[in-house]
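Fold and contact review
Residue strings, one per chain:
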Amino acid sequence: MSQLVGYTVDSRVRWTEYLPWLLAVLVYFLLPDYLSLGSRVLTYILFALSLDLIIGYAGIITLGHASFFGLGAYITGILAAKLGVTDPLIQLLASGLGAGLLGLVTGAVILKMKGLTQLMLTLAISALCLEVANKATFITGGADGLSGMEIAPILGLFKFDLFGKTAYLYCLFLLFLTWVVIRRLIYSPFGVSLMGIRENAARMHAIGAPVYQKLMVVYTLSALIAGLSGALLAQTNQFVGLNVLGFEPSGELLVMLILGGVGRLYGAFVGPVVFLLAQDYLAKQFPEYWYFGIGLLLVLVVLFARGGVLGILDKFTASSKARQSGAQSS
Amino acid sequence: MEIFLSSLVSVAFHGLAYGMILYVISVGLSVTMGLMGFTNLAHGVFAMTGGYVLVVSLSKFDIPFPLALALCFGLVALVSVVLERTLYARLYGEAELEQVLFTIGLIYMSVAVARLIFGTLQQPVILPEYLKGQFSLMGRDFPAYRVFLILFTSAIIAALWFGVERTIWGAKVRASVDNRAMAQSIGINTKSLFTTTFAVGSGLAGLGGGLGAEIVAIQPTYPFEQLVFFLIVVSVGGLGSLRGPFVAALLIGVTDTACKYWLPEFGAFFIYIATIGLLLWRPQGLLGKRS
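Summarised in this report is the structure supplied together with it. (Residues numbered from 1 in each chain as written. Chains lettered and ligands numbered in written order. Predicted model: local features only at pLDDT ≥ 70, side-chain atom pairs only at ≥ 80, totals over all residues.)

**Topic: the overall build of chain A**
When its secondary structure is counted, chain A shows 14 helices and zero strands. Taking 2.2 N^0.38 as the reference for a compact globule, 330 residues should give roughly 20 Å; the C-alpha atoms of chain A span a radius of gyration of 20 Å, in line with that estimate. When the backbone C-alpha atoms are referred to their principal axes, chain A occupies close to 70 × 50 × 40 Å. Classification of the 330 residues of chain A by burial places 48% in the buried group. Pairs at least 24 residues apart make up 79% of the contacts formed inside chain A by residues separated by at least 6 positions. (Helix = DSSP H or I, 4+ residues; strand = E, 2+ residues; numbered from the N terminus. Rg over C-alpha atoms; globule rule 2.2 N^0.38 Å. Buried ≥ 20, exposed ≤ 12 C-beta atoms within 10 Å, placed from the backbone. Contact = placed C-beta atoms within 7 Å.)

Here's what the structure looks like:
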């Protein structure tokens, strides 16, 4: 996790960083039948990015990140199904702001705590959100979920079509914008100071860095992005159910991020792709083995492959480079 | 008034039974987390295993109830020692994130295994005849099994407290919780102490899961659904303490029962609110040490 990114590293975009976008555009043209799965993957990449920001870069461990995702989804759902606000961009904005506000309020409390207390508070807040959504049936639909959402064309021009083309490009565009923001952020002095807090908060205090303020900023931003991804999920599915809240979606997201690699930015890209594709094929046919499989994978990653898929790739390229240079020098 | 009084007694009684079960399950978690600093989210897996052991030994093998309870403790303790030595021990002293992820992985695997073997339905508990029926006291009827539950868990808790506070083993455990490095340097073998404590804690969770199978339904999602309650008991009570979680478990047991009785439309809402409030007031838990 403690690889050097930031001031010590060239912040220019490397050619490999264009690959995900190239791939995403290719999928649009070559695999038109998979666009709805594609939108789902893009949505979860956005969600995983928001989690990577706080877990991977700031070192805040949370079991309740789905609160923000779920709140975002419900805000969009309620606006579209109950209040007649059909403009997707207004829904998106409202979801982001709502989740950001929840992040600001809960962060103010959570970030003062440490260890088990912090973990417990994130879990309790997320359980509370689930309970509210479950019981406030008049507005959330409770266990039946929210359906009958109406979503107008984006900017009045691009209608959400049956094949999911608009939805896919819309998700891709939003993900790209967020990626630009987050990438700038983590290569900025602010990003470096976050990693400083992750590695040793006491020293950051000692050199006079405003640790709490910085954590508040990143936590709120992360909540806002998670809210946006929740809104995307609601808009592309045109349905919101209780499964967006609680411990399980938070747990699944953690699995995705760990699988891809924590604190590497692109781990949040790789993880959801692998996880959701595997889920699409395996989960329906073998639900028991599927859960066993992700559990086992998680245990194996923790015991043997801390960096996830990207970590393994890194090791592989590092050892082949070492072998090359060894061959040249001999 | 009479009706209110009788419902008050009923809530207190059922709340007490539930709270005692919660405590027996969670106390091991408090001690292991306090002793080893290991965030073990998979503690509920041990309780669920205990529950399944009890249900299966009663319904499939006709094992007498007392023996079945002993099996809950013994088997789960045995399994936990194997897990502790082979897997958990590798992650002592690691970052919290790794422990959290590792134990979430264990939960996923156990949920899958439970579903594969027992299906998704909850398992009915077949109680022996002598624990069925009602028990009359001062003109009121109480379910005999709950009465047994309260008495039996009280005895276990008394034994546990005696063990921790009056025996050499307990003194070593307390010393290691307070200051592990110092305990090691005066010759306490903390490694074997960890293993035995972990086994006792997990065994108690198994026993609690078995005893409470009638109250907290045994089903594959158990470790996920109950996790939040076990963690509340430990964090509100205070890490590494024995009495704190006891107070917390009784509080939760009674509050939860009262809410279900009088305000079912709010569900577990008040429990979560109270937890958040208590943790804000005392981040180290009710009886936890200030760090």
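**Some points on the packing of helix H3 (residues 66-81) of chain A against helix H10 (residues 211-237) of chain A**
All names here are of chain A. Where H3 meets H10, the closest approach of the two axes is 6 Å, and the angle between their N-to-C directions is 45 degrees. As judged from the angle between their axes, H3 and H10 are oblique. Between H3 and H10 lies a crossing of right-handed hand. On H10, the residues that touch Phe68, Phe69, Gly70, Leu71, Gly72, Ala73, Thr76 and Gly77 of H3 are Ala223, Ala226, Gly227, Leu228, Ser229, Gly230, Ala231, Leu233, Ala234 and Gln235. Residues that form the contact of H3 with H10 fall into these classes: ten nonpolar, eight polar and no charged. (Axes fitted to C-alpha atoms, helices over the stretch in contact; angles between N-to-C directions. Parallel < 35°, antiparallel > 145°, perpendicular 65-115°, else oblique. Left-handed = near helix turned anticlockwise from the far one by under 90°. Nonpolar A, V, L, I, M, F, W, Y, C, P; charged D, E, K, R; others polar.)

**Overview of the interface of chain A and chain B**
Taken together, the contact between chain A and chain B spans 34 residues of the former and 37 residues of the latter. Breaking the side of chain A that touches chain B down by element, the ones donating at least two residues are helix H5 (115-135), helix H11 (247-260) and helix H13 (287-304) of chain A. Considering every element that reaches the side of chain A that touches chain B, the biggest residue donor is H5 of chain A, with 14 residues. When the residues that make up the side of chain A that touches chain B are grouped by side-chain class, the tally is 25 nonpolar, five polar and four charged.

**A short note on the nonpolar core**
By size, the foremost hydrophobic cluster in this structure holds 186 residues, and its most contacted members are Ile45, Ala48, Leu257 and Leu298 of chain A together with Ile21 and Val233 of chain B. Setting aside anything within four residues of it in sequence, one finds Leu298 of chain A in contact with Val255 and Ile258 of chain A together with Leu101, Ile104, Gly105 and Tyr108 of chain B. (Core = buried A, V, L, I, M, F, W, Y, C linked by C-beta atoms within 7 Å.)

**What about the packing of helix H9 (residues 222-237) of chain B against helix H10 (residues 243-262) of chain B?**
All names here are of chain B. Put simply, H9 and H10 touch, their axes get as near as 7 Å, and they point 130 degrees apart. Comparing the axis directions of H9 and H10 gives the class oblique. Considering the relative orientation of H9 and H10, their crossing is right-handed. Of H10, the residues touching H9 (which contributes Phe229, Ile232, Val233, Val234, Val236 and Gly237) are Gly244, Pro245, Val247, Ala248, Ala249 and Ile252. For the contact of H9 with H10, the class distribution of residues is ten nonpolar, two polar and no charged.

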